[in-house]
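Chain by chain, the residues:
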Amino acid sequence: MTTDLRIAFLPLTDAAVLAVAREKGFAEEEGLHLDLVRTTSWATLRDRLVFGQVQAAHMLAPLAVAVTLGLSQQAAPLAAPYKLNVNGNMLVMASAFAQALDPDIAARLDDPLGTAHDFAAAIGLWKRKPVIGVVHRFSSHSVMLRYWLASAGVDPDRDVILRVLPPSLTVEAIGAGEIDGFIAGEPWGSAAVDAGLAEAVAIGERIWRRGVEKILAFRTPWLEENPDTVDRLLRALVRAAAWCDDPQHHEALAHLLSRPQYVDQPADVILRALSGGIVPRVDMAPLSMPDFMLFSREATPFPWRSQALWIYSQLVRWKMVEHSADNAAKAASVFRPDIFRRALANSDVAMPGASMKVEGAVGSPLAVGSKRGELTLGPDRFFDGRVFDPERIEDFLASF
Amino acid sequence: MRIVIIDDSGLRATVLEEGLREAGYDDIHIVPPRGGFVARLERMAPDVVLMDLGSPSRDTLEEMLTVSRALARPIAMFVDQSDETMIGAAIDAGVSAYVVDGLRKERVKPVLELAVRRFNAFAKLQSELDEARTALSDRKIIDRAKSILMSQRGLSEPDAYALLRSSAMNQGKKIVDVAQALITASDLLGGM
């Protein structure tokens with residue numbers, strides 16, 4: 001018997017695993033029929049999930065934490081047993097603003113710390129406070145942008161104007177001069193570059209080498225009541241993710257995502273994030289960034305509790321929530337490695353032995369303890385060299 | 001009670017505004033979600049904000065409601081905990097409501113119910129309009145196919161139609177699909 005599942009998503013390249021699970025038969029093989037509901041704002045995606053119009057959603061990881069903590073309209077406990085990707089963001093700025101930065105764009109992107117300082121100086125040269133588009137207050141993009149700006153002494157709440165607008169409106173807004181730049185998930189940065197409106201200033205993967213991005217969110221009660229369906233979905237997604245990471249499939253995947261019911265942008269622009277060939281300015285050759293967006297390798301889908309806590313630490317840092325043991329526990333509970341383990345117990349997926357790790361401590365590929373098979377974790381450094389020990393949140397917060 | 005409708009579709013906003021006026025609300029403003037719409041909204045100090053769930057600008061609106069210092073009282077999404085069907089109906093209809101802190105539920109509910117009815121009526125109207133448009137374009141295709149048959153095969157109009165109809169029946173297809181195939185073939189062969 002086939003089970004119908006409705007899953008909401010936003011038109012973004014990192015919805016790939018859901019699209020592939022549906023279109024390439026991985027969901028069907030698990031007896032699932034996926035109805036993917038295209039949504040144009042995070043608010044509506046959140047409401048569709050919270051009020052039960054869909055059973056799951058392609059959600060910004062910080063938004064899932066925020067909804068659980070009651071910070072984004074109606075509070076509801078959400079659960080994320082699966083990460084849909086890591087990395088995939090790009091900060092682009094209008095060329096007039098980027099002029100004040102290192103003209104060697106490859107060097108600019110390789111040195112986020114230097115570029116942050118150049119950016120801080122450029123703010124002073126700009127005719128007014130620069131307006132930077134972010135897709136949501138509770139987005140990985142906003143969290144990473146704030147982290148990056150603050151490293152050069154820029155106060156993101158005072159020295160720049162952060163304007164919230166959904167990814168699909170970013171290109172139009174920079175074209176109309178309403179914003180001076182934006183940070184968004186692909187393909188929107190590349191689309192603005194392609195239109196000659198902006199150039200790359202920072203790459204998410206260079207700010208945090210393995211940055212948490214979209215998760216698959218469920219309402220916790222629904223997740224608990226439907227273990228069999230959840231497990232089948234996770235198994236389908238793991239296989240779809242491996243398909244997505246395979247370089248042989250990137251072209252086909254870009255074409256699939258370019259369809260109107262998915263991202264509805266040109267396949268060659270979508271392909272850049274998938275193949276890691278990022279065009280930083282319209283007149284330049286692509287730069288190779290093989291870790292630009294990951295779906296499968298290095299146990300990408302595994303929801304480390306420490307990552308939920310890192311997100312929480314940043315919400316506390318920017319005074320979006322008050323720190324308490326209770327809030328920290330609630331935030332950590334959003335990521336559900338236990339469900340991931342249960343769903344893939346009889347598979348050949350390499351499974352980390354732990355549920356938490358010190359974030360930012362891996363400098364080069366590292367073989368780690370795994371229940372099964374070989375598991376190598378990729379470098380997960382933050383560009384400023386900080387490490388986050390989830391057992392010592394207070395110390396970490398005091399370091400800023 | 002000041003009601004602001006944020007809507008891209010001028011027609012739907014008007015349909016909703018009319019409904020609200022008939023129900024006796026008279027302080028109603030329509031703001032399209034473009035450019036600096038949040039600044040306009042701030043100045044209006046609304047009690048109720050109605051917005052299309054399908055509008056990509058909802059995130060921008062919610063951010064303004066979160067950080068605005070200009071609003072005297074906080075505004076949050078209206079959720080009646082005691083009435084889940086109401087929430088479902090609003091989401092199905094595609095309407096979201098934000099209300100100022102302290103506004104009584106009994107005062108908000110009729111506004112939201114009316115918005116849901118009007119949004120649904122508008123959606124129905126729209127789909128009827130789409131159907132009518134499709135029907136019209138179907139007729140144009142069939143007319144063109146008929147005229148190809150009339151000029152190429154020397155048939156009368158009723159005979160041309162009868163031929164299309166019988167081919168469609170034999171092939172188990174819609175007449176419009178047969179007509180479209182005929183037009184495509186004719187174009188390829190350089191006819192017409």
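All residue numbers refer to positions counted from 1 along the written sequence of the respective chain. Chain letters start at A and ligand numbers start at 1, both assigned in the order the entries are written. Thresholds applied to this predicted model are a pLDDT of at least 70 for local features of residues and 80 or more for the giving and counting of side-chain atom pairs; totals over whole chains, interfaces and linings are not thresholded and use all residues.

## As for the packing of helix 1 (residues 10-22) of chain B against helix 5 (residues 105-153) of chain B
All names here are of chain B.
Alright, step 1. Two numbers describe how helix 1 lies on helix 5: the axes approach to 9 Å, and their chain directions differ by 140°. With respect to helix 5, the element helix 1 is oriented oblique. The two elements helix 1 and helix 5 cross, and the hand of that crossing is right-handed. Residues Arg-12, Val-15, Leu-16, Gly-19 and Leu-20 of helix 1 pack against Leu-114, Ala-115, Arg-118 and Phe-122 of helix 5. The axes used here are C-alpha line fits, helices contributing only the stretch in contact, and every angle between their N-to-C directions lies in the interval 0 to 180 degrees. For helices the rule is a DSSP run of H or I covering at least 4 residues; for strands it is a run of E covering at least 2, with both sets numbered from the N terminus onward. Note on angle classes: values under 35 degrees are labelled roughly parallel, values over 145 roughly antiparallel, values of 65 to 115 roughly perpendicular, and the remainder oblique. Helix crossings are classified by the rotation of the near helix relative to the far one: an anticlockwise turn of less than a right angle makes the crossing left-handed, while a clockwise turn makes it right-handed. We call two residues in contact when their backbone-placed C-beta atoms lie within 7 Å.

## Examining the sheet that holds strand 9 (residues 199-203) of chain A
Residues and elements named next belong to chain A.
Alright, step 1. The pairing criterion for strands is at least two bridges between them, as found by DSSP. Strand order across the open sheet formed by five strands is 7-6-8-5-9, with mixed pairing between neighbours. On the outer flanks of this sheet lie strand 7 (161-164) and strand 9, each paired with one strand and no other. The mean angle between the axes of side-by-side strands here comes to 25°, regardless of whether they run parallel or antiparallel.

## Digging into the interface of chain A and chain B
Alright, step 1. Contacts between the two partners involve 19 residues from chain A, matched on the other side by 17 residues from chain B.
Alright, step 2. Looking at the side of chain A that touches chain B, the element that brings in the most residues is helix 3 (residues 42-50) of chain A, giving five residues.
Alright, step 3. Here the side of chain A that touches chain B is composed, by residue class, of seven nonpolar, eight polar and four charged. Residues were grouped as follows: Ala, Val, Leu, Ile, Met, Phe, Trp, Tyr, Cys and Pro as nonpolar; Asp, Glu, Lys and Arg as charged; and all remaining residues, including Gly, as polar.

## A closer look at unusual backbone geometry
All names here are of chain A.
Alright, step 1. Of the consecutive residues Glu-186 and Pro-187, the connecting peptide bond is found in the cis state with omega at 10°.
Alright, step 2. A positive phi angle is found at Gln-73, which is not glycine, with a value near 55°.
Alright, step 3. Located in the positive-phi region is Glu-298, a residue other than glycine, with phi close to 60°.
Alright, step 4. Residue class for Glu-298 comes out buried when judged on the 23 C-beta atoms lying within 10 Å of it. Residues with at least 20 other C-beta atoms within 10 Å of their own are called buried, those with 12 or fewer are called exposed, and the rest are partly exposed. The C-beta atoms themselves are positioned from the backbone.

## Details of the domain arrangement of chain A
Quoted interface sizes are often the accessible area lost when the parts come together.
All names here are of chain A.
Alright, step 1. Just so you know, the domain bounds were taken from an automatic or database domain assignment. Looking at the assigned domains, one finds that chain A contains domain 1 (3-86 + 212-262 + 295-342) and domain 2 (89-207).
Alright, step 2. Inter-centroid distance (C-alpha atoms) of domain 1 to domain 2 is 26 Å.
Alright, step 3. At the junction of the two partners, domain 1 supplies 19 residues and domain 2 supplies 14 residues.
Alright, step 4. Among the secondary structure elements, those contributing two or more residues to the side of domain 1 that touches domain 2 are helix 4 (61-68) and helix 16 (305-317).
Alright, step 5. The dominant element in the side of domain 1 that touches domain 2, judged by the number of residues it contributes, is helix 4, at four residues.
Alright, step 6. In terms of residue class, the side of domain 1 that touches domain 2 is made up of 12 nonpolar, five polar and two charged.

## A look at the confidence of the model for chain B
Alright, step 1. Across chain B, pLDDT averages 87, with 99% of residues at or above 70.
Alright, step 2. Across the interface, the model reports ipTM at 0.90; the global pTM reads 0.89. Known as pLDDT, the predictor's confidence for each residue is given on a scale from 0 to 100.

## Quick notes on the pairing of strand 1 (residues 3-6) of chain B
Residue and element names in this part refer to chain B.
Alright, step 1. Neither face of strand 1 is open: one carries Ile-3 and Ile-5, the other Val-4 and Ile-6, and all of them are buried.
Alright, step 2. The sheet contact formed by strand 1 and strand 3 (residues 48-52) spans four bridges and is parallel. What sits directly across from Ile-5, in strand 3, is Leu-50.
Alright, step 3. Bridge count between strand 1 and strand 2 (residues 28-31): four bridges; the pairing is parallel. Bridging across to strand 2, Ile-6 finds its partner in Val-31.
Alright, step 4. Each parallel crossover has a hand, and for strand 1 linked through helix 1 to strand 2 it is right-handed. Classification remark: right-handed applies to a crossover when, strands pointing away from the viewer, the course from the first strand over the helix to the second runs clockwise.

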